[in-house]
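Summary of structural features
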Amino acid sequence: MAIAICKGRVEAEEWRCLSLRNNQATNGIFHFISLTLVTVCFSLFSNPPRAAAAVSASASASASAQFGINVWPKPRTMSWPQPREATLISKNFSIYYPTDVYLAAAADRYLEQILTEHHHPLVTPSVNLSNSARPLNFVDISVSDLSAPLQHGVNESYTLVIPRGGHAASLMAETLWGAMRGLETLSQLVWGQPSRVPVGIYVWDSPLFEHRGLMLDTSRNYYAVEDITRTIKAISANKLNVFHWHITDSQSFPLLLPSEPELAAKGSYGPNMVYTPADVAQIVQFGLEHGVRVIPEIDTPAHTGSWAQAYPDIVTCANMFWWPAEVDWSERYASEPGTGHLNPLNPKTYQVLKNVIGDVTALFPEPFYHGGSDEIIPGCWKADPTIQSFLSNNGTLSQILETFINSTFDYILSLNRTVVYWEDVLLDPNVKVNGALLPPEHTILQTWNNGPNNTKVLTGAGYRVIVSSSEFYYLDCGHGSFLGNDSQYDEPPTKGDTTNGGSWCGPFKTWQTIYNYDITYGLRDEESQLVLGGEVALWSEQADPTVLDTRIWPRASAMAEALWSGNRDESGMKRSAEATDRLNEWRYRMVNRGIRAEPLQPLWCIRNPGMCNTVHPFF
């Protein structure tokens with residue numbers, strides 16, 4: 001029996017020990033005496049942990065950056081008093097944790113990473129090995145509530161203590177999901193060969209925003225399961241917690257559904273470009289093992305051209321040229337190639353759609369269901385004779401959308417789901433529903449236009465909001481237009497480019513742009529409380545697996561820190577300049593972990609911290 005001698009109350013619990021010895025994993029049941037959340041077992045500070053918690057994140061970052069110790073995203077509180085020292089990781093290092101299937105997978109993963117990563121920082125830490133500390137032999141994980149499900153609002157806080165004497169670290173969390181975040185922090189504190197870790201360090205951490213995610217479009221171009229799981233791995237490493245999966249769109253329907261198999265059979269790019277129920281189960285399980293929620297989006301009633309391959313009678317304007325030469329922009333059939341809207345006036349639409357929604361909610365245990373409802377294009381619905389007849393009898397397109405929402409919203413709620421829609425359902429200038437149809441207690445709206453202005457409009461109306469402002473969070477922007485025969489690229493050399501390179505949402509969103517975005521800007525306190533968090537988004541018109549990692553990382557890392565611990569120091573000043581060196585180091589570590597993140601600066605800048613900054617403002 002392993003015993004830790006502590007001051008204060010202790011309790012005996014059953015723990016599972018996972019260790020790697022002789023390159024083999026062994027499991028065994030131990031009774032381990034662990035400290036409670038209110039007691040720190042180690043003689044670490046001259047002041048108690050509560051006093052240490054008052055140390056600001058900005059001060060801790062300054063100290064850690066100076067000595068080359070880096071954690072991304074920056075913890076809310078980190079104390080590392082003088083003298084700053086490190087100890088070796090024992091070759092027999094172990095992780096003690098309460099028995100749980102998801103925590104077991106995480107402990108297994110982090111144990112191997114801690115023992116084998118041997119990260120060599122770009123800037124060598126100027127930290128001496130302690131003469132008195134013993135090698136770190138184990139970390140003891142204590143979890144208050146092992147039953148808390150992975151869903152919005154779950155507690156992700158943790159406390160990590162590595163004592164000055166080495167030997168044993170303590171990781172305390174309210175939930176196993178917080179324990180996973182703490183294990184990630186521990187793994188980032190380890191470096192070198194032989195592996196070493198700081199001693200005398202205290203971390204208390206918790207996210208500012210509960211919803212921190214990445215949206216990926218897998219309809220316009222297909223991504224294999226291994227591409228998605230690699231992305232979820234990186235999401236977790238950055239302490240993001242949501243993978244928003246935009247699965248279907250007008251271009252393809254790659255999701256194989258038991259009740260409607262023809263949608264994928266005929267609407268996908270081919271039999272090798274579909275996601276089977278087994279694939280979905282693997283992705284969802286992988287997400288749970290990494291503390292990442294997988295939110296499905298089936299975008300309707302627009303963006304459904306691919307449904308017409310199986311059900312041509314329920315889709316309007318399918319397979320039509322998106323913007324005919326003789327038609328004004330206001331009468332186009334789509335905003336980009338790939339036409340088709342579900343027909344809300346055809347009863348068969350709801351027979352198919354309810355099968356789809358039922359299957360999707362069965363495949364994805366996540367309580368949020370994203371129903372899309374963005375970009376209703378009037379010209380597409382007007383192309384249908386049934387809808388033409390309805391409009392000729394003084395009906396409106398907004399009434400047609402209301403028919404659709406009325407016929408699907410309550411059904412989604414009946415499946416114990418909270419409905420998420422894009423903002424258009426209430427804010428589109430041409431086609432939108434009456435807000436009375438979408439009670440705020442059952443509806444979440446996701447913004448993508450007009451920056452903080454739309455966030456304020458929606459929170460002012462009492463809605464919970466996920467922020468994905470395209471001006472800041474769209475990762476596909478700035479790569480030009482994907483249209484062929486595009487005349488804007490054939491201009492006289494003297495005219496120059498006045499169109500952001502042809503990208504509708506250009507320019508390219510730099511990591512600084514993302515990092516500095518305050519998603520509650522201009523909101524009253526009660527409005528800010530309705531902002532659940534944010535998501536960066538990668539639409540895939542010009543992205544596929546070959547560029548997936550570089551389009552996302554490390555720019556998504558910038559949002560990860562801003563939503564976890566903020567983008568300002570304790571004085572209220574933006575800290576993106578200070579973050580540059582730390583993000584360079586984190587990008588380098590991600591690359592070594594198999595995430596092909598793009599570089600931020602020349603290596604020279606990293607080797608010469610601060611020398612590539614500017615001290616002059618740009619206008």
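Every value quoted in this text rests on a predicted model; they were computed, and no experiment measured them.

Rules of the game
- Residues numbered from 1 in each chain as written.
- Predicted model: local features only at pLDDT ≥ 70, side-chain atom pairs only at ≥ 80, totals over all residues.
- Heavy atoms only, no water.
- Disulfide = S-S within 2.5 Å.
- Helix = DSSP H or I, 4+ residues; strand = E, 2+ residues; numbered from the N terminus.
- Buried < 20%, exposed > 50% of the residue type's maximum accessible area, 1.4 Å probe, protein only.
- Axes fitted to C-alpha atoms, helices over the stretch in contact; angles between N-to-C directions.
- Parallel < 35°, antiparallel > 145°, perpendicular 65-115°, else oblique.
- Left-handed = near helix turned anticlockwise from the far one by under 90°.
- Contact = heavy atoms within 4.5 Å.
- Pairing = 2+ DSSP bridges.

Under the defined criterion, the tally for this structure stands at 3 disulfides. Paired by a disulfide, Cys317 and Cys380 hold their sulfur atoms 2.0 Å apart. With the S-S dihedral at roughly -95°, the linkage between Cys317 and Cys380 falls on the left-handed side. You can see Cys317 sitting in the loop between β14 (315-316) and β15 (341-342) and its partner Cys380 sitting in helix α9 (residues 378-382), a full 63 residues away along the chain. A relative accessible area of 7% places Cys317 in the buried class. Between the sulfur atoms of Cys477 and its disulfide mate Cys505 the distance is 1.9 Å. Handedness here is read from the sign of the S-S torsion; for Cys477 and Cys505, about -110°, the answer is left-handed. On the criterion of sequence distance, the pair formed by Cys477 in the loop between α14 (470-473) and α15 (511-515) and Cys505 in the loop between α14 and α15 is long-range, its members being 28 residues apart. The exposure classification of Cys477 matches that of Cys505, with both residues buried.

Glancing now at the packing of helix α5 (residues 225-237) against helix α7 (residues 277-289). Where α5 contacts α7, the two axes come as close as 10 Å, and the packing angle between them is 15°. With respect to α7, the element α5 is oriented roughly parallel. Crossing geometry of α5 relative to α7 is assigned as right-handed. On α7, the residues that touch Val225, Ile228, Thr229, Ile232 and Lys233 of α5 are Asp279, Gln282, Ile283, Phe286 and Gly287.

For the rest of this paragraph, the subject is the sheet that holds strand β12 (residues 242-248). What links the strands of a sheet is backbone hydrogen bonding, and the strands pair in either a parallel or an antiparallel sense. Judged by pairing direction, the barrel is parallel, and its 8 strands sit side by side in the order β11-β12-β13-β16-β17-β18-β19-β20 before closing back on the first. Here the strands of the sheet are splayed against their neighbours by 30° on average, with no regard to which way each runs. With 3 bridges connecting them, strand β19 (residues 464-467) and strand β20 (residues 531-538) associate as parallel partners. Within the sheet, the bridge partner assigned to Val467 lies in β20 and is Gly534. Running at roughly 175° to β20, helix α18 (residues 555-564) makes contact with β11 (211-217) and β20 of the sheet.

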